[in-house]
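So the chains spell out like this:
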Amino acid sequence: MLRYLVQRLLVALPVLLGVTLLSYAIISLAPGDPVDLLIDPNMSAHDIEQMRIRLGLDKPWPVRYAKWLGELARGNLGYSYLTGRPVAERIAERVGPTLSLTLSAFLLTYLVAIPVGVIAATRQYSWIDYLTSFFALAGNSIPTFFLGLAMIYIFSLKLDLFPTGGSATLGGPGGWLDRLHHLVLPAVVLSTTGMGRTMRFVRSAMLEVTRQDFIRTAWAKGLSRRAVIYKHALRNALIPVVTLIGLELPTLIGGAVITESVFGWPGMGRLTIEAISQRDYPVIMALNLLTALMVLAGQLLTDLLYALVDPRIRYS
Amino acid sequence: MLLALPLGRREAEPEVPGRPDDATGARQVVRRFLRHRLAVLGLVILAALAVLALFGRQIAPHDPNAIIADVTTDAPSPGHPLGLDPVGRDNLSRLIDATRISLSVGVGSVAIYVTIGVILGAIAGYFGGWVDMVIMRLADVVLSFPTLMLILVVTAVVGPSFWNVILVLGLLGWPPVARLVRGEFLTLREREFTQAARALGARDSRIIFRHILPNASGPILVAATFGTAQAILVEAALSFLGLGVQPPQASWGNMLIAAQSLTVLEEKPWMWLPPGLMIFISVLAINFVGDGLRDALDPRLRR
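Residues numbered from 1 in each chain as written. Chains lettered and ligands numbered in written order. Predicted model: local features only at pLDDT ≥ 70, side-chain atom pairs only at ≥ 80, totals over all residues. Heavy atoms only, no water.

1. Some details on the packing of helix 4 (residues 87-122) of chain A against helix 11 (residues 281-309) of chain A
Residue and element names in this part refer to chain A.
Inference 1: Two numbers describe how helix 4 lies on helix 11: the axes approach to 10 Å, and their chain directions differ by 55 degrees. When the axis of helix 4 is compared with that of helix 11, the two are oblique. The chirality of how helix 4 crosses helix 11 is right-handed. Listed contacts from helix 11 to Val87, Arg90 and Ile91 of helix 4 are Pro282, Val283, Ala286, Leu287 and Leu290.
Inference 2: Each residue belonging to the contact of helix 4 with helix 11 can be placed in one class, and the counts come to seven nonpolar, no polar and one charged. (Axes fitted to C-alpha atoms, helices over the stretch in contact; angles between N-to-C directions. Helix = DSSP H or I, 4+ residues; strand = E, 2+ residues; numbered from the N terminus. Parallel < 35°, antiparallel > 145°, perpendicular 65-115°, else oblique. Left-handed = near helix turned anticlockwise from the far one by under 90°. Contact = heavy atoms within 4.5 Å. Nonpolar A, V, L, I, M, F, W, Y, C, P; charged D, E, K, R; others polar.)

Structure (C-alpha cells):
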C-alpha cells in the first residue's frame with residue numbers, strides 16, 4: 001500500500017509540473033501586457049520600464065517560469081501584481097468559503113442521491129424511477145447560472161426565504177446560523193448537476209448488483225428485504241459509486257466558479273474571475289496550481305477509498 | 001466477409017458488406033432510435049432550432065442589434081412580444097439570432113476536438129508503447145485542470161470572442177475522446193478482422209481508418225452528441241461571465257448578463273427567462289438525442 005502511494009505521488013509530480021508549465025506558457029504567450037493595466041497615464045516610459053523590471057517581466061518567459069518554480073519550491077507563491085501582497089495571503093482568505101461551499105454541495109449530493117438511487121432501483125419503472133431519470137437529465141441540462149438566478153428569483157426575491165447573495169449578513173450579528181442561511185441556495189445549485197448523475201449511477205449499480213447470485217442466495221435463505229437491500233446489495237453497489245467521487249471533483253470545483261459569481265460568494269472561484277479580469281497572473285497561476293492539486297488529491301483519495309471499501313482490491 | 005475486402009487496391013473501393021454502417025445495421029439502429037420517444041422529441045426540437053439558426057435573419061421581426069427608439073416601455077408589447085433588453089433592442093430577435101451562435105459553438109468546437117481526439121486516441125491505442133504513454137500523460141495534464149477554469153483562463157488570455165470560444169473549447173476538449181478512442185482501439189486491434197487485414201499487407205493508416213475506426217464510430221458519435229450539449233452550456237456560462245461571445249452580438253449566455261442586476265431579475269423576467277429556457281431546452285433536446293443514440297447503437301447498454 002505504501003509503495004503504491006509513493007508510486008502515485010511520483011506520477012502526480014510530472015503531471016503537476018506539466019500543469020504549471022502549460023498555464024505559465026499560455027499566460028505568458030498571450031498578447032497584451034499586464035503592466036498596461038497597472039500604469040496610470042502620468043507615468044513616464046522610464047517608470048513603466050522600472051515597473052516591468054520590478055515585476056520581473058523584462059526577462060523571457062522560460063526564465064520567469066524557472067524562477068517561479070524555484071520560489072514555489074521554497075513555499076513562495078509569488079506576489080500579486082495588483083496589490084503587491086503575497087498571493088498566498090490573497091488566496092488564503094478565499095479557501096474557507098470555497099471549501100465550505102463545495103463540501104456542503106458534495107455532502108448534499110450523496111445524502112440525496114444514494115437513498116433516491118436505491119429507491120429508484122428497487123422500484124424500477126415506477127413513477128419515482130422515471131422522476132429520477134428526468135431529474136438526472138434536467139440537472140445535466142440546466143445551466144448552473146440560470147438555475148442560480150431562478151433560485152434567487154423564486155426563493156429570495158419572491159418568497160423572501162433566503163438572502164440573495166454573500167456568505168454572511170454585512171454588519172450583522174454573524175454566527176453559524178447566519179452563514180448556514182446564506183449557504184443553502186448556493187449549495188443546492190452547485191449540487192444539482194452532479195446529483196442527477198449520481199442518482200442514475202447509484203440506480204444502475206444497484207440494478208447490477210441485485211441481479212447477482214449472492215443476492216439471490218440472500219433472498220433464498222429468507223433474509224428480510226431490508227437486510228438484502230441495505231446490507232448486501234447497497235454495500236456492493238457503493239463500490240463503483242466511490243470512483244464517481246473522483247470524477248465529479250473537477251466538475252464541482254469548476255461549477256463553483258459560476259455558482260460563486262452568481263451568489264457573490266467570496267471564494268476561490270470568484271477570485272479566479274477577479275484575477276482574470278485584472279490580469280493578475282501570479283494569482284491565476286497559484287489558483288491553477290491549487291485546483292490541479294485538489295483534483296489530483298481527490299483522485300488519489302478516491303483510489304485509496306476504493307481499496308478500503310472493496311477488500312478484493314489490493315494495490316501493490 | 002474477409003475475402004471480400006478489396007485490399008491492395010487504393011482507389012475506387014466498393015462498399016464492404018458486413019460493416020456496422022451497412023444498410024441492415026443502419027436500419028436497425030434507426031428503428032431502435034425511433035422507439036426512444038424522448039430521443040425523437042429531441043430530434044424534432046433540434047430540427048426546429050436548426051431552422052431558427054439557418055433562417056434566423058429572415059424569421060426575426062427586427063434587426064437583433066438595432067435599438068428600438070419608438071417604444072416607451074421595455075415590457076412585452078404586441079410589436080415586441082418578449083420586450084426589449086436593457087439597451088433597448090428587441091429581445092425576441094436577439095433570442096432567434098443567438099440560436100445560430102450557440103449551435104455553431106456547440107457543433108464547431110466538438111468537430112475540432114473529436115477530430116483531434118480520434119487522431120491522438122487512434123495513434124495511442126494502435127501503436128502503444130511510448131507514443132501511447134506521451135499522449136495519455138498529456139491527456140492527464142489537461143484533465144487535471146477543472147476544464148472550466150482552464151477554459152476561463154485561456155479565453156481571457158487570448159481575448160473573448162465567438163471564434164476564440166470555439167477554438168479554445170475545440171483545442172481543450174479532446175482528452176476524453178482520445179481516451180475513449182484509445183480504449184476502443186486497444187480491443188479492436190486484436191480482433192480477427194484487424195489481424196486479417198494486417199496479414200494481407202494493409203498499411204497502418206488503412207487499418208486505422210478503414211478497418212478499426214468504422215467499428216469504433218458508435219461510441220464516438222454518442223460522445224460527440226453529449227459533447228455538443230456540454231459545449232453549448234460552457235459557451236453560455238462563459239458569455240454570462242463576460243468571457244465568451246461579446247455584445248452587441250447576442251448569445252443566450254450574454255443575454256442573461258442583464259439578470260445580474262437584482263431589479264431586472266425581480267421586475268423584468270422577460271429579459272432573462274427566455275434565453276435561460278432556450279439554453280435549457282436545446283441542451284435537454286441534444287441530451288435526449290444522445291441517450292437515444294447510445295441505446296440504439298449499443299443495445300447491450302440498455303437498462
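2. With respect to the environment of Ala233(A)
Residue and element names in this part refer to chain A.
Inference 1: Here Ala233 is to be found in helix 9 (residues 225-263).
Inference 2: With relative accessibility at 0%, the residue Ala233 sits in the buried group.
Inference 3: Not counting residues within four places of it along the chain, the set of residues in contact with Ala233 comprises Met206, Val209, Thr210, Ile215 and Val228. (Buried < 20%, exposed > 50% of the residue type's maximum accessible area, 1.4 Å probe, protein only.)

3. Comments concerning the interface of chain A and chain B
Inference 1: Opposite the 45 residues of chain A that make contact, chain B presents 37 residues.
Inference 2: Taken together, the two surfaces of chain A and chain B that pack against each other cover about 3900 Å², and 80% of this comes from carbon and sulfur.
Inference 3: Contact with chain B buries surface across chain A, with Phe145(A), Phe146(A) and Leu149(A) losing the most and accounting together for 16% of the total.
Inference 4: Those elements that place two or more of their residues in the side of chain A that touches chain B are helix 1 (2-29), helix 5 (127-141), helix 6 (144-158), helix 7 (176-210), helix 9, helix 10 (268-277) and helix 11 of chain A.
Inference 5: Ranked by the residues each element gives to the side of chain A that touches chain B, the list is headed by helix 6 of chain A, at eight residues. (Buried area = accessible area lost by both parts, 1.4 Å probe.)

4. Here we look at empty space enclosed by the protein
Inference 1: Under the definition given, this model contains two cavities of 30 Å³ or more.
Inference 2: Put simply, the largest cavity is a space of about 50 Å³.
Inference 3: Around the largest cavity sit Thr98(A), Ile253(A), Val257(A), Met268(A), Gly269(A), Thr272(A), Thr291(A) and Met149(B), which together line it.
Inference 4: Among the elements of the structure, helix 9 and helix 10 of chain A are those that each provide at least two residues to the lining of the largest cavity.
Inference 5: Counting residues per element, the lining of the largest cavity draws most heavily on helix 10 of chain A, which supplies three residues.
Inference 6: By residue class, the composition of the lining of the largest cavity is four nonpolar, four polar and no charged.
Inference 7: As for the second largest cavity, its lining consists of Ile276(A), Arg279(A), Tyr281(A), Ile284(A), Ala156(B) and Val157(B).
Inference 8: For the lining of the second largest cavity, the elements supplying multiple residues, two or more each, are helix 11 of chain A together with helix 5 (147-158) of chain B. (1 Å grid on protein atoms, 1.4 Å probe; cavity = no way out; pocket = protein on both sides within 12 Å on 5 of 7 lines; lining within 4 Å. Points joined across faces, edges and corners; volume = space filled by probe spheres on them.)

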